Amino acid sequence: MLQLYGVGVGSRLLLGTARYSSPAVLTEAVRASRTEIVTVSLRRESGGERSGQAFWALIRELNVRVLPNTAGCHSVKEAVTTAHMAREVFGTPWIKLEVIGEDDTLQPDVFGLTEAARILCAEGFEVFPYTTEDLVVAERLLAAGCRVLMPWGAPIGSGRGLNNLFGLRTLRAHFAGVALIIDAGLGVPSHAAQALETGCDAVLVNTAVAQAGNPVLMAAAFAQAVEAGRTAYEAGAIEARDFASPSTPVVGTAFLR
Amino acid sequence: MRILVNGVWREPGAAELGAVLEEFGYRGAVVSTAVNGEFVATEARAHTLLADGDRVEVLAPMQGG
């Protein structure tokens, strides 16, 4: 079973809660995904509308673990303060640490990320850093105290899949015992299957489900893909080769020319 | 006293953060607060005095990816 900071997790699919057409669709998608972890954020609350209160009530009814994020933070200070606020509201030391460095790609600012991770790990947070596939950055994050890495597949919401499969394979091989969760950029279930086949431990998906024609059906499809990918990884895939290799035995072939 | 609450200028009757939150409709709400960019824990709100021009952020759980 996948272990994330000592917590056993049955499902290798994490689901984001944003961009659904309605709370009802979100609820059904979470159930169809069979996820045990959903990501959430903190945003300004109006004393009149109190819309966050209704959302929080909905999430609590789903009986899933929450992983709060620091989405939208562009500096170490913003991210650290947001993490403190999230820990109080959500009652968890888990934090999906995002420090954004570039607005077009939402690429992580890995320098700010490692600094924020160092501060938060020292304060007892259990940090899930949204990072790139860069090995040296990963090394720094682990040295800071992170025990999970969340490399991007592609820019958030792009649906491009695994942009740098080689980089992710390298990351997997280099940090064999570290939980790798592909965060961001997946578009279709086959992307998730590929991530799991490659040995990544889990994927986090949001837009690909929430913005699908039928989000509930797509959530189920991602659940199946993640299971298939993980099973394939455990089964051990063959090596790709350049030329054909007959699968039907050659010995005993009739001579009929 | 004028303070900025979630980006909107307000004029509270009270000066303590906890009382200001109640005044502006947050009684019983699950929220987290920051003043001038610094986190203020729930237990510290009652004795956190606000000053003219302070920036108060009141955040609640929301959808996220």
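Preceding block: the structure.
A quick note: this is a predicted structure, and the numbers were derived from the prediction, not measured. (Residues numbered from 1 in each chain as written. Chains lettered and ligands numbered in written order. Predicted model: local features only at pLDDT ≥ 70, side-chain atom pairs only at ≥ 80, totals over all residues. Heavy atoms only, no water.)

### Remarks on the pattern of salt bridges
Residue and element names in this part refer to chain A. For the coordinates displayed, the defined rule picks out 12 salt bridges over all chains. Salt-bridge contacts for R118 lead to E115; the nearest nitrogen and oxygen are separated by 2.7 Å. A residue pair is termed a helical-turn pair when its members lie 3 or 4 positions apart in one helix, as R118 and E115 do in helix 4 (residues 110–122) at 3 residues. Relative accessible area serves as the criterion here: at 44%, R118 is assigned to the partly exposed category. A relative accessible area of 30% places E115 in the partly exposed class. Residues joined in a network through salt bridges with shared partners are R12, R172 and D201. (Salt bridge = Lys/Arg side-chain N within 4 Å of Asp/Glu carboxyl O. Helix = DSSP H or I, 4+ residues; strand = E, 2+ residues; numbered from the N terminus. Buried < 20%, exposed > 50% of the residue type's maximum accessible area, 1.4 Å probe, protein only.)

### Looking at the side chain of A:T114
All names here are of chain A. Considering the arrangement of structural elements, one finds T114 in helix 4. Among the polar contacts made by the side chain of T114, one reaches the main-chain carbonyl oxygen of F111 at a distance of 2.9 Å. Apart from residues lying up to four places away in sequence, T114 is in contact with V137, R140, L141 and A144. (Polar contact = N/O pair within 3.5 Å; in protein donor to acceptor, adjacent residues only side chain to side chain. Contact = heavy atoms within 4.5 Å.)

### A closer look at the environment of A:L62
All names here are of chain A. Residue position: L62 is located in the loop between helix 2 (51–61) and strand 5 (65–68). Residue class for L62 comes out buried when judged on its relative accessible area of 12%. In this structure the C-alpha to C-alpha distance between L62 and V137, which are 75 residues apart in sequence, comes to 35 Å. With residues up to four places along the chain from it excluded, the contact list for L62 reads T27, V30 and R31.

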